Amino acid sequence: MTNPYIAIIPARGGSKRLPGKNIRVLGDLPLLAHSIRYAQASSRIQRVIVTTDDPAIAAVALDYGAEVIQRPHELSGDEAPTVSALQHVLAQLTEWPEAVVVLQPTNPLRPVGLLDEALDYFEQHNVSGLFTVSPNPHKLGRIEAQRFVPFNYHFGQRSQDMEPLFYENGLLYVCKPSLITQGAVMDETCYPLVVTHPYAAVDIDTEADFAYATFCLNYYQTKHKSNHP
C-alpha cells in the first residue's frame, strides 16, 4: 500500500454553544491543533487533512502543518452530517487511502498508544472500520407517566452485577473509504475498541466541557506524566 492511511479532521465554524471553540487555546495549543499533532505523531498517517468552511480554522490548520480542503457552505450547516464532509474530501483526492482515520477536534485528548492499537486491529482483522467506546457505569432508565423505569438494572441491584454497557466516546474512528461513500462512518461490522482512560470522557461542546478538558490536561500531564503528546 503506497498510501495506507490518511487522517481527516472535520472542523466547521459557527459553533453556537461555544463560539470559536475549534481554535480556542487548550493548554498551549489551539483545540484543533491537538488533533493535528496527534495524527502527525504517527508515522503510519501519510496525510492530515482538515475540512472546514472557516478561514480562521483553515489558517490555524495550515500553521500546524495540515492540509486544508475548503468545505462548501451546503455541507457546513448544523444539520449537515459529518460523513458528507468526508465524502467531499475523498472526492478531491486523486488516490484513495486504504483507510481513513477520523479525528474530531472536540475530543482533543487521546492516549498516545490508542491510534497504533486501532490501526493494528484494523490491519489484522477483516472489518470495515473501528471506533472507540468506553464503559458506562450509570444506572439508566426512562421516565414514563412521571415514574422512573430502570433500563439496564432493577431497583436494589448492585452496580457490579449490572450488564456491561458502553458508549461511543468519539476519540477516533477508522473506516474504509467505501464505507464513507455509502454514507456511513461505521456500521454493524465495525469493531468497538474499548478505552477506559479518563480522556475518553472529554468531549467539548460547552464552557464547562472546556474547563473539564483543561483540568484533565493539566492533571494528567503534571501529576501522572500523561501519555498525551
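Caption draft 1: Geometry of unusual backbone geometry. Positive phi outside glycine occurs at A145, with the angle close to 50°. Relative to the helices and strands, A145 resides in the loop between β8 (141–144) and β9 (147–150). Note on A145: relative accessible area 76%, which makes it exposed. Positive phi is not limited to glycine here, since Q146 has a value of about 65°. A residue is classified by how much of its surface remains accessible, and Q146, at 81% relative accessible area, is exposed.

Caption draft 2: Here's a closer look at the pattern of salt bridges. What the rule picks out here adds up to 9 salt bridges. Here D120 and R44 are joined by a salt bridge, their closest N and O atoms 3.0 Å apart. Of this pair, D120 sits in helix α4 (residues 114–124) while R44 sits in the loop between α1 (31–40) and β4 (45–52), and the two are 76 residues apart along the sequence. On the basis of relative accessible area, D120 is assigned to the partly exposed category, the value being 31%. As a salt-bridge pair, D161 and R158 come within 2.8 Å of each other at their nearest N and O atoms. A relative accessible area of 42% places D161 in the partly exposed class. What makes R158 partly exposed here is its relative accessible area of 48%.

Caption draft 3: View of the nonpolar core. Ranked by internal contacts, the top residues of the largest apolar core, which has 31 residues, are L32, I36, I45, V50, V101, L172 and V174. At the level of secondary structure, the elements contributing two or more residues to this core comprise β1 (5–10), α1, β4, α2 (55–63), β6 (99–102), α4 and β10 (165–175). Among the elements that make up this core, the one with the highest residue count is α4 (5 residues). Contacts of V101, omitting those with residues within four sequence positions, involve I6, A7, I8, I45, L115, L119, Y173 and V174. L86, L90, L93 and F131 belong to the second largest nonpolar core, which has 20 residues in total.

Caption draft 4: Structural detail: the sheet that holds β1. The 7 strands are arranged β5-β4-β1-β6-β10-β7-β11 in an open sheet whose pairing can be described as mixed. Of all the strands in the sheet, just β5 (67–70) and β11 (191–194) have a single pairing partner and so form its edges. Ignoring strand direction, the axes of neighbouring strands in this sheet form an average angle of 35°. Across 4 bridges, strand β7 (residues 129–136) lies against β11 in parallel orientation. Across the sheet, residue L130 finds its bridge partner in β11, namely Y191. Across the sheet, α4 is in contact with β1, β4, β6, β7, β10 and β11; its angle to β10 comes to roughly 80°.

Rules used in this analysis
- Residues numbered from 1 in each chain as written.
- Predicted model: local features only at pLDDT ≥ 70, side-chain atom pairs only at ≥ 80, totals over all residues.
- Heavy atoms only, no water.
- Helix = DSSP H or I, 4+ residues; strand = E, 2+ residues; numbered from the N terminus.
- Buried < 20%, exposed > 50% of the residue type's maximum accessible area, 1.4 Å probe, protein only.
- Salt bridge = Lys/Arg side-chain N within 4 Å of Asp/Glu carboxyl O.
- Core = buried A, V, L, I, M, F, W, Y, C linked by side-chain atoms within 4.5 Å.
- Contact = heavy atoms within 4.5 Å.
- Pairing = 2+ DSSP bridges.
- Axes fitted to C-alpha atoms, helices over the stretch in contact; angles between N-to-C directions.

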